[in-house]
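Structural overview
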Number of protein chains: 2
Amino acid sequence: MHREGGPLVMPRRSISFHFPSPTLDPAAAEPLHRQLYDEVRRAILTGQMAAGSRLPASRKLATRTRLSRNTVLAAYDQLIAEGFIEGRSGSGTFVARAVPEALVPQVPGLPPRPPGDSAKRALSKSTQRFCESVSLRHMARVEGEAFNPGLPALDHFPMDIWRRLSDRRLRNASPRMLAYDDPQGHLPLREAIASHMVDTRGARCTAEQVIIVSGSQNAIDLAARVLLDPGDEVWIEEPGYFAARIAFEMAGARVVPVPVDDEGLIVGEGVSTAPDARMAYVTPSHHNPTCVTMSLPRRMALLQWAEQAGGWIIEDDNASEFHYDGHPHAVLQGIDKHERTLYVGSFSKVLFASLRLGFIVAPRDLVPALVRAREFIDRQSPGWQQAVVADFMHEGHYSRHLRRMRGLYATRLSHFRSIAARFASDLFELPQRHGGMSHVAYFLAPMDDCAAAEAAYKAGVCCTPLSHYHSRPQGRPGLVLGFTCADAERATLAMQKLVAAVRPLRPLPPLVPSPFDPVE
Amino acid sequence: MHREGGPLVMPRRSISFHFPSPTLDPAAAEPLHRQLYDEVRRAILTGQMAAGSRLPASRKLATRTRLSRNTVLAAYDQLIAEGFIEGRSGSGTFVARAVPEALVPQVPGLPPRPPGDSAKRALSKSTQRFCESVSLRHMARVEGEAFNPGLPALDHFPMDIWRRLSDRRLRNASPRMLAYDDPQGHLPLREAIASHMVDTRGARCTAEQVIIVSGSQNAIDLAARVLLDPGDEVWIEEPGYFAARIAFEMAGARVVPVPVDDEGLIVGEGVSTAPDARMAYVTPSHHNPTCVTMSLPRRMALLQWAEQAGGWIIEDDNASEFHYDGHPHAVLQGIDKHERTLYVGSFSKVLFASLRLGFIVAPRDLVPALVRAREFIDRQSPGWQQAVVADFMHEGHYSRHLRRMRGLYATRLSHFRSIAARFASDLFELPQRHGGMSHVAYFLAPMDDCAAAEAAYKAGVCCTPLSHYHSRPQGRPGLVLGFTCADAERATLAMQKLVAAVRPLRPLPPLVPSPFDPVE
């Protein structure tokens, strides 16, 4: 190798480098100039052709490869445009001098996977904490199988109607439906939701307070981001919905577990533990997971706290359309005179989860900030799907389907309780239950409920251990079992499998006080 | 009013309260017991019936209202279940004692809107800053009209194919497609994206590195949340895409504008200003908005910085499938040996924006954290839509549509340049342009480009002022005009309207140094 010129000029190698002998295929879908471009580019990036090395003249290469000269020139032009090669007037074409050889991969293919302990290289601190603290085992997915909590009876979904409405919307698709639209959501859908909430759930709102999001999890995350600063306290129900807790933790909030009794969240406990909390997360219609309904006195106390402390209430109404003993409960939002409540609803349970549509009914003065944040987080929800759901509601299919599913799920709940009594009365105790889509089954003996859920999962039965709903380990062990997705036959089979899987597990020894425990 | 019992017993009023005289309608859709429930509930909440007051006995009310006694009992049962009324054995039914009168709204209907200055009551600090700093004027929506930047030719979208594929997926809908699925995204879609990226864009990835999100904005937000801590520095292009800047600011990051020249981001400037930045946001294929392609030396320098500083690169490839002079540029991700690059792609430009699907090609060791965060932010993207796009890609419709649109947009770009030259050569200067979907038009004279965009908008022409892309006011004034959505006729008309709207605006006086400016 010899040098020409001063130190600023790159070494120009002799012509003896290995130019790739292109194996070009005129029959391939890729045009020939693109194939040639790919060959040369790969040769440069893998180090086969070094920086500063000279490429064959286009005419010469054309002859050698039996391509037209225009094909070669097209490939070279593209490589020049992207900076891989340079033409120097009068002296030919060269691999760009400024491709530092050290940075160019020396071997084709992917580099070896970085070692395991670098898996957290440079995550944000909140993500590091989050990755350390969360187990996703309870998110295990078993397709459509009993007893998947919260999974509706998808085989009873009126797919023919949905197909017809979907296709009608596509046939008449307006640019507005396909392009960006109002980030707050499709107005006819917001109107349908507001009517439904006022007419059937006792809400007090207009379409202007409805914000379309992609589900209740998304609603909780959005509210947390817009309303909480890192370190702010949030009351959560104990036991309570774990995914909400995680969303608050992701926002940097400090969650304060507040116990739940048979009237719902014990507001007084929250007030004495964290009176200045910025937010309270509650499931007043049907507590998740125990299905307790929050009493009116507790509701009033909660609203009074929110007003006095300047706190916000997230009312998560998950699965509360399904009530089997009289009508669904009226919502907290409807009696909140001071607009401290953000009501969170979802279409995942009445329609289907992968639709990814839900909504917030927000205090009027929070709407602009929530919508603005949503716009810069993910612009809006899908336009076509919003339009289809709006049609589905306006044409009465929504309430009809809801009514049918209420009847079906009441039957399935009653069947579930009878098979639990028949097959599992020595294992579980089932409290009374009048709504929702899943059932808590408390173990009669002390038990590692995570191990039980794991054993059930291996036997093909999906459920969630109750301990996931506890932020402290003291909770009563149990399983949360969805009773809505499977018909009687499948549910019976699943109950038998579940019992067979769980019964062999050894109960934990009863908790006896240790002599070393502090005396109270 | 007289008291019975001790101080713990609520005052029991005489029976002379105004019980609502229900105007019940047997022909209404709502069942009669529900109508009665609503009447009583409203009376309680509006204070018409006070706490502790006695309700008529069910039999008596049935007679008075000509309802069956079962109807009345159904309404009472529901009110008892919800805590609005209480039955005391032997002594009748009463409005619950614990409805504190002070909290019950005294008048029906919504309370008056809180005064204007409370609009920010208790937003988080980051949201307050964000609401103060952001103008959304540039987000103004004009449906499908020229010159909406980034809006594709929706009337050329192969809707017949899309309808057929959509309906086929619904006809054979599996529970898995309708229920929750992998939060990382539908595997066949991730495979199709990985193939497309490797085969046509020079990426180096597998489907395991592809994460489906709801668009490029969502991808940027997700990356910022997972990788940045508040106060971390992020290089952004100056000028550059404002919505990305806002997403970083929402994550609490400190954005560092780094100038762009005709080789793209001046990496050396970034290194000297903020060497320890945690992230760099770049648009290397076509800089947004100027369409400059980042040179290979700059790409190499950027990768070298990222590797040495432990920084991350967000490569936003917005609209870069559309290149009219040779093939689309190869992506930066493909030459990043050390996996510091998160490539961000979107279906908004090739398919349609309201679809809300996009993707990240992530370094392999970041995938678990990104997916986990996504799961707790909004679970997943819509299942059915993902399946349809996967089919659309696997069956070749995607690349066929892309090819057709490349041809169409090249024609529209050339038409756009010719009408700009014909009608607006005294107003604008247009730099060369070989790709993307929008065109920068620089004003020849100093001009308030926000006022110009506003005037255009009022005349029915949509565009974005260039100053929105600047974080500092010194930028050259201009307009960003989308040339892809309108056909020749509409584009010509819009250009004439635009010129007519903008020409009457007075140019700003040239910038002369003030005697009070500090001497440099």
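Described below are features of the structure shown in this document.

The rules we used
Residues numbered from 1 in each chain as written. Chains lettered and ligands numbered in written order. Predicted model: local features only at pLDDT ≥ 70, side-chain atom pairs only at ≥ 80, totals over all residues. Heavy atoms only, no water. 1 Å grid on protein atoms, 1.4 Å probe; cavity = no way out; pocket = protein on both sides within 12 Å on 5 of 7 lines; lining within 4 Å. Points joined across faces, edges and corners; volume = space filled by probe spheres on them. Helix = DSSP H or I, 4+ residues; strand = E, 2+ residues; numbered from the N terminus. Phe/Tyr/Trp six-rings, centres within 6.5 Å; stacked < 30°, edge-to-face > 60°. Buried < 20%, exposed > 50% of the residue type's maximum accessible area, 1.4 Å probe, protein only. Lys NZ or Arg CZ within 6 Å of the ring centre and 35° of its normal. Contact = heavy atoms within 4.5 Å. Buried area = accessible area lost by both parts, 1.4 Å probe. Salt bridge = Lys/Arg side-chain N within 4 Å of Asp/Glu carboxyl O. Polar contact = N/O pair within 3.5 Å; in protein donor to acceptor, adjacent residues only side chain to side chain. Nonpolar A, V, L, I, M, F, W, Y, C, P; charged D, E, K, R; others polar. Pairing = 2+ DSSP bridges. Axes fitted to C-alpha atoms, helices over the stretch in contact; angles between N-to-C directions. Right-handed = clockwise from strand over helix to strand, strands pointing away.

Here's the deal with empty space enclosed by the protein
Residue and element names in this part refer to chain B. If you walk through the whole model with that rule in mind, you get 14 cavities of 30 Å³ or more. Volume-wise, the largest cavity comes out at about 190 Å³. Glu-321, Tyr-343, Gly-345, Ser-346 and Tyr-398 are, among the 22 residues lining the largest cavity, the residues nearest its centre. Residue assignment for the lining of the largest cavity shows that the elements contributing at least two residues are helix H7 (187-201) and strand E10 (341-346).

A few points about the packing of aromatic side chains
Across all of its chains, the model carries 35 aromatic pairs over all chains by this definition. For the pair B:Phe242 and B:Tyr469, a centre-to-centre distance of 5.0 Å together with 70 degrees between the ring planes defines the contact as edge-to-face. With a gap of 227 residues between them, B:Phe242 in helix H9 (residues 242-250) and B:Tyr469 in the loop between strand E14 (464-465) and strand E15 (478-482) connect regions that are remote in the sequence. On the numbers, 6.3 Å between centres and 40 degrees between planes, the contact of B:Phe416 with B:Phe483 is tilted. In this pair, B:Phe416 is assigned in helix H14 (residues 397-424) and B:Phe483 in the loop between E15 and helix H16 (488-502), connecting sequence segments 67 residues apart. Residue B:Phe416 shares its accessibility class with B:Phe483, and that shared class is buried. Pairwise contacts between aromatic rings join A:Phe147, A:Tyr324, A:Phe416 and A:Phe483 into one cluster. Lying over the aromatic face of B:Trp312, B:Arg340 brings its terminal NZ or CZ to 4.1 Å of the ring centre. Lying across the ring of B:Tyr442, B:Arg476 places its NZ or CZ 4.1 Å from the centre.

Comments concerning the interface of chain A and chain B
In this complex, chain A contributes 123 residues to the contact, which on the side of chain B involves 125 residues. Counting each side, the surface lost to burial between chain A and chain B is near 11,200 Å², with a carbon and sulfur contribution of 58%. Notably, a salt bridge pairs B:Asp167 with A:Arg163, separated by 2.9 Å at the nearest N-O pair. Counting across the interface, chain A meets chain B through 24 residue pairs in polar contact (both at pLDDT 80 or more). Grouping the amino acids of the side of chain A that touches chain B by side-chain chemistry returns 62 nonpolar, 27 polar and 34 charged.

Notes on the sheet that holds strand E3 (residues 92-95) of chain B
All names here are of chain B. Taken in spatial order, the 3 strands make up an open sheet running E1-E3-E2, and their pairing is antiparallel. Of all the strands in the sheet, the pair left with one neighbour each is strand E1 (54-55) and strand E2 (85-88). Two elements, E1 and E3, share 2 bridges in a ladder whose sense is antiparallel. When the bridges of E3 are listed, Leu-55 appears paired with Thr-93. The strands touched by helix H3 (residues 69-81) within the sheet are E1, E2 and E3, with E2 carrying the most contacts at an inclination of about 105 degrees.

A few points about the pairing of strand E8 (residues 279-282) of chain B
Residues and elements named next belong to chain B. Alternating residues of E8 divide into Met-279 and Tyr-281 and Ala-280 and Val-282, and every residue in both groups is buried. Of the pairings in the sheet, the one linking strand E5 (residues 233-238) to E8 comprises 2 bridges and is parallel in character. From the neighbouring strand, Val-234 faces E8, where its bridge partner is Met-279. Pairing between E8 and strand E9 (residues 312-316): 4 bridges, direction parallel. Looking at the pairing, Ala-280 lines up with Ile-313 of E9. Handedness of the crossover is the feature at issue here: the chain leaves E8, passes through helix H11 (residues 296-309), returns alongside E9, and the resulting connection is right-handed.

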